[in-house]
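Spelled out from the first residue to the last, the chains are:
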Amino acid sequence: MPKVLVLGEIRQGELRNVSFEAIAAAKQVAKGGEVVGLLLGENAENLAKQMIQYGADRVLVSEHSDLQAYTPDGFTQAVLQVVESEKPEGLFIGHTSIGKDLAPRIAAKLKSGLISDAVNLEVSGDDVVFTRPIYSGKAFEKKVVTDGLLFGTIRPNNINPLEKDEARSGDITLVDLEIKNLRTIIKEIVRKTASGIDLSEAKIIVSGGRGVKSKEGFKVLQELADALGGAVGASRGACDADFCDYAMQIGQTGKVVTPDLYIACGISGAIQHVAGMSNSKVIVAINKDPEANIFSIAEYGIVGDLFEVVPLLVEEFKSVAVN
Ligand code: FAD
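Because the structure is a prediction, the values reported are computed rather than measured.

Chemist: Could you give an account of helix H5 (residues 215-228), naming the residues involved and the relevant values?
Modeler: Spanning 14 residues, H5 covers 20 Å between terminal C-alpha atoms, matching the ideal 20 Å at 1.5 Å per step. Where H5 starts, the residue carrying a side-chain oxygen 3.3 Å from the main-chain nitrogen of glutamate 216 turns out to be serine 214. Glycine 229 sits one or two residues past H5 and shows a positive phi near 70°.

Listed below in structure tokens is the structure:
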């Protein structure tokens, strides 16, 4: 029965959902073995219980002063020490900006393989088959680890977390870690975007392109996102035109998102944009050009002026919410 270690991720004092999705993946792989959570940073001890409620059997925590914010050196040292002491057969981390930076460092230090950006896992006999997108989401490959640690990063919003069980219990243990010789330290974090739903974990995204025409135009999209309980994203065209912040950019050089619903407004559907959103479960496109490429990947298309269509949708969704 394998033991699988899952590194949870804390963002602004809360656990990111992908931590729970990684636990669900670990449970599958552990086949009744132990799933051990690891939480590093501020408030880790308080948040550990949630990992147990979502399926971890026990959780190791460290609130070491050098682990309050992510640094590649600090987190690599911490995870390596825990891997050394726990000797897990598997290690899962969220495929977030932290996970993407951290996982290859750990793999290099452990001289292990790494399967990154898994969107699905299946246990087939003794093998664990990871599915991951390739060629900007145009194809998928299935991969197995042939030797050593079963190490993977899990793309947010793809693997369903287990149902939360408030009654579940498990040990929460403070671990003593030695963090030394940090080559970088965080002096301050200046957040560009205000609060709101994290794009990479949003279930509904309303996204705007150059067709939105202005910063003002994005307010209409925000209204639709608010009516649906979603987040607002953008194409690079819109970011380049200074209609919105680059933190909102979706695509090959922006964020990769997989919401249940993606509403593309005034976005042509360039390959670099599609690379970041084509795995959305349902895509709705609103564009006044019936030939726009975005329609070729959309489940539902509305040919029309977004400034006419979006307010109608806002009105309709608000009335549904009221009734
Ligand atoms: P456009 O292509 O100009 O499309 C605007 C659309 O709005 C048109 O289809 C038009 O019909 C429609 N429209 C106009 N007015 C209205 C209206 N009133 N109502 C409805 N529809 C309307 N792009 C990304 O998005 N993300 C990336 O990560 C990214 N990375 C890139 C990396 C590289 C190396 C390169 C070269 C490019 C990258 N791009 C990226 C840019 C990409 O190629 C496109 O230029 C960009 O996606 C176009 O943005 P857009 O669809 O908003 O604008």
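Next comes the rest of the description.
Chemist: Describe unusual backbone geometry, and please don't skip the residues or the numbers.
Modeler: Its identity as a non-glycine residue notwithstanding, lysine 87 has a phi of 50°, on the positive side. Turning to its location among the elements, lysine 87 is positioned in the loop between helix H3 (72-86) and strand E6 (90-94). With phi around 70°, aspartate 242 is a residue other than glycine that occupies positive phi space. The residue aspartate 242 is located in the loop between helix H6 (236-240) and strand E15 (261-265) in this model.

Chemist: Any chance you could break down the side chain of asparagine 157 for me, citing the residues and the numbers?
Modeler: Here asparagine 157 is to be found in the loop between strand E11 (150-154) and strand E12 (171-174). Its relative accessible area of 6% is what places asparagine 157 among the buried residues. Ignoring anything within four residues of it in the chain, the contact list for asparagine 157 reads Glu21, Ser200, Glu201, Ala202, Lys203, Thr258, Pro259 and Lys281.

Chemist: Now, about the packing of H3 against helix H4 (residues 97-110): what can you tell me, with residues and values included?
Modeler: Contact geometry for H3 and H4: axes closest at 10 Å, N-to-C directions at 50°. Taken together, the axes of H3 and H4 are oblique relative to one another. Seen from above, H3 lies across H4 with right-handed handedness. Where H3 approaches H4, its residues Pro72, Phe75, Thr76, Val79, Leu80 and Val83 are matched on the opposing element by Asp101, Leu102, Arg105, Ile106, Lys109 and Leu110. Each residue belonging to the contact of H3 with H4 can be placed in one class, and the counts come to 8 nonpolar, 1 polar and 3 charged.

Chemist: Pulling in residues and values, what's your account of the site of the ligand?
Modeler: With respect to spatial proximity, 26 residues lie near the ligand, and among them Arg210, Ser235, Thr253, Ser268 and Asn287 are the closest. At 2.7 Å, a backbone N or O of arginine 210 approaches an oxygen atom of the ligand. One of the side-chain N or O atoms of glutamine 272 is found 2.8 Å from an oxygen atom in the ligand. With the chains in place, 76% of the 990 Å² that the ligand exposes on its own is no longer accessible.

Chemist: Quick one: what's the story with the sheet that holds strand E8 (residues 120-124), residue by residue and with numbers?
Modeler: Spatially, the 3 strands line up as an open sheet ordered E8-E9-E10, and their pairing is antiparallel. Lying at the two open borders of the sheet, with one neighbouring strand each, are E8 and strand E10 (139-143). Each strand axis lies, on average, 25° off the axis of its neighbour in the sheet, ignoring direction. By the bridge criterion, 5 bridges tie E8 to strand E9 (residues 127-134) in an arrangement that is antiparallel. Residue pairing for E9: valine 123 is matched across the bridge by valine 128.

Chemist: Before we move on, could you go through the pairing of strand E1 (residues 4-7) and cite the residues and values that matter?
Modeler: A regular strand carries its side chains on alternate faces of the sheet. Here E1 shows a buried face lined by Val4 and Val6 and a second buried face lined by Leu5 and Leu7. As paired elements, E1 and strand E4 (residues 35-40) share 4 bridges and run parallel to each other. Across the sheet, valine 4 pairs through a bridge with valine 35, a residue of E4. Taken together, the 4 bridges between E1 and E6 define a ladder with parallel strand orientation. Residue pairing in the sheet places valine 4 in a bridge with glycine 90 of E6.

Calculation notes
- Residues numbered from 1 in each chain as written.
- Predicted model: local features only at pLDDT ≥ 70, side-chain atom pairs only at ≥ 80, totals over all residues.
- Heavy atoms only, no water.
- Helix = DSSP H or I, 4+ residues; strand = E, 2+ residues; numbered from the N terminus.
- Expected span 1.5 Å × (residues − 1).
- Polar contact = N/O pair within 3.5 Å; in protein donor to acceptor, adjacent residues only side chain to side chain.
- Buried < 20%, exposed > 50% of the residue type's maximum accessible area, 1.4 Å probe, protein only.
- Contact = heavy atoms within 4.5 Å.
- Axes fitted to C-alpha atoms, helices over the stretch in contact; angles between N-to-C directions.
- Parallel < 35°, antiparallel > 145°, perpendicular 65-115°, else oblique.
- Left-handed = near helix turned anticlockwise from the far one by under 90°.
- Nonpolar A, V, L, I, M, F, W, Y, C, P; charged D, E, K, R; others polar.
- Near = heavy atom within 4 Å.
- Areas by Shrake-Rupley, 256 points an atom, 1.4 Å probe, with all protein chains shown as cover.
- Pairing = 2+ DSSP bridges.

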